[in-house]
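Each chain is listed here by its residues.
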Amino acid sequence: MSREEHSAYTYLRPTKKFPNVWCSGCGIGIVMSALIRAISRLELEKDDIALVSGIGCTGRMPVYMDFNTIHTTHGRALAFATGLKLAQPRLKVIAIMGDGDSVAIGGNHFIHSARRNMDITAIVVNNSIYGMTGGQYSPTTPLDGKATTSPYGNIEPPMPICEVAIAAGASYVARSTVYHAVEMDRYLEQAISKNGFCLVEAVSYCHTTFGRLNKLGTAGDMMRALKDNSVSMTAAEKLTPEERAGKIVRGVLWDVQKPGYLELYDKVLQRAQEVIHAK
């Protein structure tokens, strides 16, 4: 397929109903567009990609894209993605999750996928709430943030998704926002190209539930807030801890070269075969 043929429309399923299921103004569609642009630049064939998702607003994303897709149970996208990668190592396996899906019920799989350095690209769309199921607070809801299950404010500190992935053993970790769409698709391109567990946190918003409950305004207002409240890593390094507090730090936070799980697994198989043949 030529570069001209690798257009956004090539990767969409024309039989699906558009506009999509998401609320008007939602940032998830921006993440989907960024992913399509990243795949297009890499000139990957559609049959060489597998999208795996769980449950939630973000989990609907693979429905609209014409790749191999699996819509799995809540919190288990990475578990299914691991099995798929082991069974079909030639595939570029991309797990698409929301914040609740990935680090609440799916938190155990998230930690161990990073620890194993499993060869998966993980995309976490972080909108700080359970949007589809009624606006309950999630592991990334900010302190004092209101939700249907924390009407007087959330008292639990938000989970630092990127920092957890780094500590657990990921090869590549980056963060961007849906306002910085071009930056995001560059990080997605890098993550898909690299072996090992590669995470891109896409900070988004949910104006329908979180925005309404916390009086944050329209989708446009929340989009502008992402612009105003985020800084690049270079800019963040020049800020005092007080100035940096509450800011979304964007950039490639971690990028190391080390063997992915499949490379090590192949070596184990080779050693086992050598022992068998030696007998």
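Attention here is on the structure that accompanies the text. A quick note: this is a predicted structure, and the numbers were derived from the prediction, not measured. (Residues numbered from 1 in each chain as written. Predicted model: local features only at pLDDT ≥ 70, side-chain atom pairs only at ≥ 80, totals over all residues. Heavy atoms only, no water.)

Let us now look at the side chain of lysine 194. Note on placement: lysine 194 falls in the loop between helix H6 (181-193) and strand E8 (198-203). Accessibility expressed as a relative area gives 15% for lysine 194, which makes it buried. Among the polar contacts made by the side chain of lysine 194, one reaches the main-chain carbonyl oxygen of valine 256 at a distance of 3.0 Å. Setting aside anything within four residues of it in sequence, one finds lysine 194 in contact with Ser171, Tyr172, Asp255, Val256 and Gln257. (Helix = DSSP H or I, 4+ residues; strand = E, 2+ residues; numbered from the N terminus. Buried < 20%, exposed > 50% of the residue type's maximum accessible area, 1.4 Å probe, protein only. Polar contact = N/O pair within 3.5 Å; in protein donor to acceptor, adjacent residues only side chain to side chain. Contact = heavy atoms within 4.5 Å.)

Considering all chains together, one arrives at four aromatic pairs under this definition. Between the aromatic rings of tyrosine 11 and phenylalanine 67, the centroid separation amounts to 5.2 Å while the plane-to-plane angle is 35°, which identifies the pairing as tilted. Separated by 56 residues along the polypeptide, tyrosine 11 in the segment before helix H1 (28-42) and phenylalanine 67 in the loop between strand E1 (49-53) and strand E2 (68-71) bring together distant segments of the chain. Neither residue differs from the other here; tyrosine 11 and phenylalanine 67 are each classed as buried. (Phe/Tyr/Trp six-rings, centres within 6.5 Å; stacked < 30°, edge-to-face > 60°.)

One open sheet holds the eight strands; their spatial order is E2-E1-E3-E4-E8-E7-E10-E9, and the pairing between them is mixed. Across the chains shown, the open sheet's two edge strands, defined by having one partner strand only, are E2 and strand E9 (230-232). Ignoring which end each strand starts from, the neighbouring axes of this sheet average 20° apart. H1 rests against E1, strand E3 (92-98), strand E4 (121-126) and E8 of the sheet, and its axis sits at about 155° to E4. Contacting E1, E2, E3 and E4, helix H2 (residues 77-87) runs over the sheet at an angle of about 175° to E3. (Pairing = 2+ DSSP bridges. Axes fitted to C-alpha atoms, helices over the stretch in contact; angles between N-to-C directions.)

Here we come to the packing of H1 against H6. Running from N to C, H1 and H6 cross one another at 50°; their axes reach a closest spacing of 8 Å. As far as their axial angle goes, H6 and H1 are oblique. As for the relative orientation of H1 and H6, their crossing is right-handed in sense. From H1, Ile30, Val31, Ala34, Leu35, Arg37, Ala38, Ile39, Arg41 and Leu42 reach across to H6, where they touch Ala181, Val182, Met184, Asp185, Arg186, Leu188, Glu189, Ile192 and Ser193. Split into classes, the residues belonging to the contact of H1 with H6 amount to twelve nonpolar, one polar and five charged. (Parallel < 35°, antiparallel > 145°, perpendicular 65-115°, else oblique. Left-handed = near helix turned anticlockwise from the far one by under 90°. Nonpolar A, V, L, I, M, F, W, Y, C, P; charged D, E, K, R; others polar.)

Bringing the pairing of E1 into the picture now. By the criterion of burial, E1 is predominantly enclosed, with five of the five residues buried. Both faces of E1 are covered, namely the face carrying Ile49, Leu51 and Ser53 and the face carrying Ala50 and Val52. As paired strands, E1 and E3 are joined by five bridges and run parallel to one another. Bridge assignment links alanine 50 to a residue of E3, and that residue is valine 93. Note that E1 and E2 share four bridges and pair parallel. Opposite alanine 50, over in E2, you have asparagine 68 as the bridge partner.

Now for the environment of leucine 199. For leucine 199, the position within the fold is in strand E8. You can call leucine 199 buried: its relative accessible area is 0%. Between the C-alpha atom of leucine 199 and that of alanine 114, which follows or precedes it by 85 residues, the distance is 8.8 Å. Look past the residues within four positions of leucine 199 in its chain and what remains in contact with it is Phe110, Ala122, Val124, Ile161, Cys162, Ala165, Tyr172, Val173 and Ala174.

Moving on to helix H5 (residues 161-168). For the α-helix, the turn length of 3.6 residues means that residues three or four positions removed from each other point alike. If you check which residues of H5 are buried, you get Ile161, Cys162 and Ala165. Taken end-on, H5 shows its buried residues confined to a sector of 95°, consistent with a single buried face. Where H5 is buried, its residues touch helix H3 (99-103), helix H4 (107-116), E4, strand E7 (172-177), E8 and strand E10 (248-255). Positioned one or two residues after H5, glycine 169 has a phi angle of 125°, which is positive. (Arc of directions from axis to C-beta.)

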